[in-house]
Structure formats: structure tokens, C-alpha cells
Amino acid sequence: MLSLIPEPKQVRIREEKPLQIREGVHLHLTMEQEDPRLELHCRRAFPDQEVTSAVSGQGYSLHIQQTLPQQTGSEENGRDTAPVKAVEVADLSVLNGKAEGYLLEAGARGAMIRALDAPGLYYGLQTLLQLQSLYGGDIPAVSITDWPDTALRVMNFDLRQTFSKPERLMDYLAEFSRFKTNAVLIEYEDKFLFKAHREFAHPQHALSREQLEALQTAAHEHYIEIIPLQQSFGHLEYVLRHDAWKHLRETEESTGEICPSHPETYDLITGLLEEMMDAHPESHYIHLGGDEVYSLCECEACRKQFGGVRERAFISFLNRLIEFTASRGRQPVFWHDMLDKCPPEELAKLDPRSAAMIWIYNGRNIEAEVTALTNKFRALGIEVMGAPAVRSFDWAEHQNYPVLDNRTDNLLQWAETAERLNISCMVATNWTGPFSLGVPYGIFETTWYPMLLHADLAWNRRADASTFIDRFLELFHGITPQAGHARLGNYRLEDYYNIIWKLLDEVQKNKDYAELISIMHEFEVATDRSRAIHKYVYRWELYPGDSAEWRSLRNNYTRNHNGREAVRPRMLKALMEYQPRDMAEHFVSSRFYLHDYLERTLYQELGLVHSES
């Protein structure tokens, strides 16, 4: 097994000497059309090595050859110095015109990567670099034919709650591309610096214009398209919380839902959309949001205008936004859920220039549910996109890392469904909280495992999920299957968060992420004990003054208190590597708030706070 992610389609390991990449290689790049990014990535991959390039022929190729010292004879000191023959590689026709596919041939004679387009050559180079990271300078002789099953393979930055430092976001775009992701869906919310409405921007953490441009430069450099998401119906708490705009709420209580029939709404939303599109000139898509509009069609004006039909109100306003964005050359996308049970006569009114992004995160019937929705939308000429989740609510608001049993099952079901329905866009949604007024979920850096499972399955829908945890541990953490299983015995796809903290001594790569998960695990162990403190308080109520009951209560309190407090500074220190200090402090406070509150109230009242430890 080669521990590659994504798993290539066709791999043949040949019985010959390995490719030995030592000091002194020559890279020759041939391009059908000049693309400076390819030469840039070649030089980054092999710094201080000779790189030549030419624009000629059809397709793209990269030939990597060991540079041998010039000798007077064919042999010196017992070493063969005859010229290295050119690497033979299959004709590009075997790719059958598949965009972003590549052919890779590596062996004693060197390496050759060929592709029909520039991204394909880039992805072939990433596969070679993965092999190099696994095997060092001796890469096994392999022949690989590979291509993506999904045209648009998308990760997600949700900036509504806590998120990574801007420079890390840029680094993560490069990391995504190494695993053959080619798009990222970004929900900026108040982290976008609106010009017309500066009051909507976060006072500390809105991305500057320079940071936004740097993010787009990094995306372009790594063949990634940014798909901006601008909420236009619900989840507008950051807008409608302001006194100057609360009159646009559907109802006074609906803090996040805007009224589609109010005469000011259209101008406000299209103004936000226009700024978002202007700031992303290379994006082909604009996501309009539109999910979870709970109070839709509840105000008197909407009931009168739309006859009390929720879907009619939704489609009427959505169509206006589709017209606005499509007329400006963008493909508008919307979340599907408000039209889940839409009457056919109402759904028929939906503008077909849109795309429905179906998000279903739980349950065992993904294929049946997605098939029904897909057929319904496609019958009207509306494109369908898919959205599993690598982190979502999962009935666990304080999750410090994804609930993996749910997430792996969701990703696997979606991969099978996408293959059967030929869905060309798959997004790994990765939410930072239930909504912007909630408390944050675990931070982004704890989600690499399900994100790369999504990358695996989006590229190769038939990738072997049973080997994924072994491939991930070896490629991402440097833990070979032999070392991992010798240490822990058996483990499966969904066991990553249960085992990685046990393997810290074996971790060779990305140890900071493994240590972060370990800290979160220690916190959860301590707080799980804290949830049971009420049992001992209850017994003290039953038997006041009993020394045995008091000792039991005090001992449990002390152990829980000390366990939590030991984790607190370590959690903050770890988070500050990834987030601004105030954001990291906010995350830690959200985790410790209830326990601190109990310290000030219940535990103080009982006299536990001042008891002997």
C-alpha cells in the first residue's frame, strides 16, 4: 500500500530500482501555454536545482532527471555514468480527455509527469512529492494514471466565530492544493470589510484589503477558486442586530432573518453582494446562502404579498437575487433546505440559472434523500451541488473536534451518492459554530482528518476507506501502519480522535495538531467528571454533616477542579499558535465559563472552594 491522499486511480509498482533523488537533479518543464505557476512550484519543490522550461507541443510535461557528473569513460570507480535514458510514459490519450488528470512514471531512469492541463501537471507533482515525503530519496518505481471524479472539490473557511490567523489561512490554501482540492467556500460574515456599511465589519478581526488580496493571490497560485458566500436571507445577525437595521427583520424576534417584502431589503442585500463579487473578480460563483430562514413569511406584509406561502416568498426574493448576480456573469448558488418540501407549482417558478447546494449532514438515507432532491431540481434545469460536513452541530455544541462517527459515515454516503448521481461539485462544510451568536465549536486545526477524507473521496469516489486512517497517519503524521498497530493493535476509520493522543511519541509530522487534540482530550476528560459532581452534591443534601459524604464530595470536586485548571494555560498557549490572542482567550472562556460560574456560586456556597486540596 502506498500511503497517498487522495488514493490514485491506477497504480502499478514495478520491479526495478527506485528513483533516487539526491543532490543535483535537472527539471525540464514543457507547457502547451505558458503558466508561470508551474515553474514556481517546480523551483519550490526542488530548490537550488536546475529548472528549464519551454512552450511547445500539446499538453504539459515535467521530466526530472538525476544530473550525473561528467566522466571521460562510461565507468569510473565502479559507477555507471552512461547517459540516463529518457523516461517512457503512456500516451495522454489514456486519460480520455479528463481535465486535471495526470500520468506519473518514476524509476531508476528518472521521473516523468504528463497532463492535459496545468492543474493536472501540478497535481502529478504533488503525488511525486508525497512519495518523496514517504520514502525520502529512494522513491519506488511506479506507474500512476490518475484523474478526479469530482470537477469542483471544495473545502470551507467559516469565519463567523473563531478562525485561524490570516497568514495561516493562506498557508492552508497551499495545503489543500497538495491534496488536490481546487476550490474553497468562504463565509466571511463580519470579517469582510464592507465599504458602504463599515458598521457590519468586525472592529478587530475583519480582513484588511491587503489580507484579502493576499488570500486570493495564494488561491490563484495553487489552482484554487474562492467561492464567496454572502448570506442574503437568514443568518444575518451581524447586520440585523444593529438598531439602524433591525426594522428590516421579518419579525422583532427574528434577529437573523430579513424581510423580503420590505422595500429597503433588496438594495441592502444586492449592495452587499455587489461588494463581495467585486472583491472576488476571478470567482465564477457567488453563494447566496438562504438556509434556515425560520421566520419566513411571518410578518403581515409578507403574508399579504405572498399569500402566506413560505416557499413563494423565498423563491420570489431568491429569483431577484439570481437575476442580479447572473446578469453580472456569476453562477448564483443557494442552500436547498428552504425548498426541501416545496410544492411543484411553486418550485417551477425558480430561475434555472441558479445552482442548488444540497446539505444533508446526518442519517442513514443520504442516497434516497439526495436522489429525490436532485431529480426534482434537475428536472427544472437547475444544477445540483453536494455538501457533506466535516464538522457540524451533531447535537454537541461544545465539540472540541468533530464527532467522527457521524462525519465519516456522512462523507462515505455522500461519495457513493455523488458517484451514482454524477454530482460535479462537493463541498466539505466545516462550521465554526451553530450560528454567529452561539459559542464556537472546536478550532479549524482539529479537522484535518475528516477534511482529507473528503479530499480522498472527492478525487476518487472509490478510494479504499478501510486504509484511510493508516494512509493518513503515515502521510500526515509520519506513523507507519506497522508502528501504529504495534502500539495500539486494531483501530478503524472513525477512531482517529480516540487514538492520536495515545500515539504522540510516534508522531513525526504535524505534531502540533496532535498535541492540540491531546489537550482537548484532557479537557474533556476533566469536564466529563465535572458533569457528575451533582451526584455527590445530591448525596450531601441527603446526608448533611456526614463526614464520609463530605469527603467523597470534596475529593471529587478537588480532582475535577485540578484537572481542569491544569489544562487551561496549556489550551490557551496552544491556541495562540493559530489564533489572535483575544480570539484564543474567547475560545478558552467559552469552554470554562460554566465551570467558573459554578466555582463562584454552587462550590463557593458549599464551602468547597476554600477546602483543603
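That block above? That's the structure.
A short tour of the structure in this document, coming up. What you see is a predicted model, and the numbers here were worked out from it, not measured in a lab.

**Considering the overall build of the protein**
Assigned secondary structure in the protein consists of 19 helices and 21 strands. Along the first, second and third principal axes, the C-alpha atoms of the protein reach 95 × 70 × 45 Å. A total of 613 residues make up the protein; the buried ones form 57% of that total. Accessible surface computed for the protein: about 26,200 Å², of which carbon and sulfur atoms make up 48%. Within the protein, one finds 64 positive and 90 negative side-chain charges whose respective centroids are separated by 2 Å.

**What about the pattern of salt bridges?**
This structure, assessed with the given rule, holds 31 salt bridges. A salt bridge links Arg43 to Glu39; the shortest N-O distance between them is 2.8 Å. Of this pair, Arg43 and Glu39 both sit in helix H1 (residues 36-45), 4 residues apart, which is roughly one turn of the helix. A salt bridge links Glu522 to Arg570, with the nearest nitrogen and oxygen atoms 2.6 Å apart. Remark: Arg570 occurs in helix H18 (residues 547-575) and Glu522 occurs in helix H16 (residues 511-531); sequence separation between them is 48 residues. A relative accessible area of 31% means that Glu522 is categorised as partly exposed. Exposure remark for Arg570: the relative accessible area of 37% places this residue in the partly exposed category. Where salt bridges share partners, they join Arg14, Glu16 and Glu105 into one cluster.

**Some details on the state of the cysteines**
Counting across every chain of the model gives 0 disulfides. The thiol of Cys342 is unpaired, and the distance to the nearest cysteine sulfur, on Cys297, comes to 12 Å. By relative accessible area, Cys342 is classed as buried at 5%.

Reading the values: the criteria
Every chain is numbered independently, its residues counted from 1 as its sequence is written. Thresholds applied to this predicted model are a pLDDT of at least 70 for local features of residues and 80 or more for the giving and counting of side-chain atom pairs; totals over whole chains, interfaces and linings are not thresholded and use all residues. To get the side-chain values, take all heavy atoms of the structure and skip hydrogens and water. Helix and strand definitions follow DSSP, with helices as H or I runs of at least four residues and strands as E runs of at least two, each counted in order from the N terminus. Here's how the labels work: a residue is buried when its accessible area is under 20% of the maximum for its type, exposed when over 50%, partly exposed in between, all with a 1.4 Å probe on protein chains only. All accessible areas in this document rest on Shrake-Rupley with a 1.4 Å probe, and a residue is counted as covered only by the protein chains that are shown. None of His or the chain ends enter the tally, which takes Lys and Arg as positive and Asp and Glu as negative. Taken as the charge location is NZ of Lys, CZ of Arg, CG of Asp or CD of Glu. Any Lys or Arg side-chain nitrogen located within 4 Å of an Asp or Glu carboxyl oxygen qualifies as a salt bridge. Put simply, a disulfide is two cysteine sulfurs that come within 2.5 Å.

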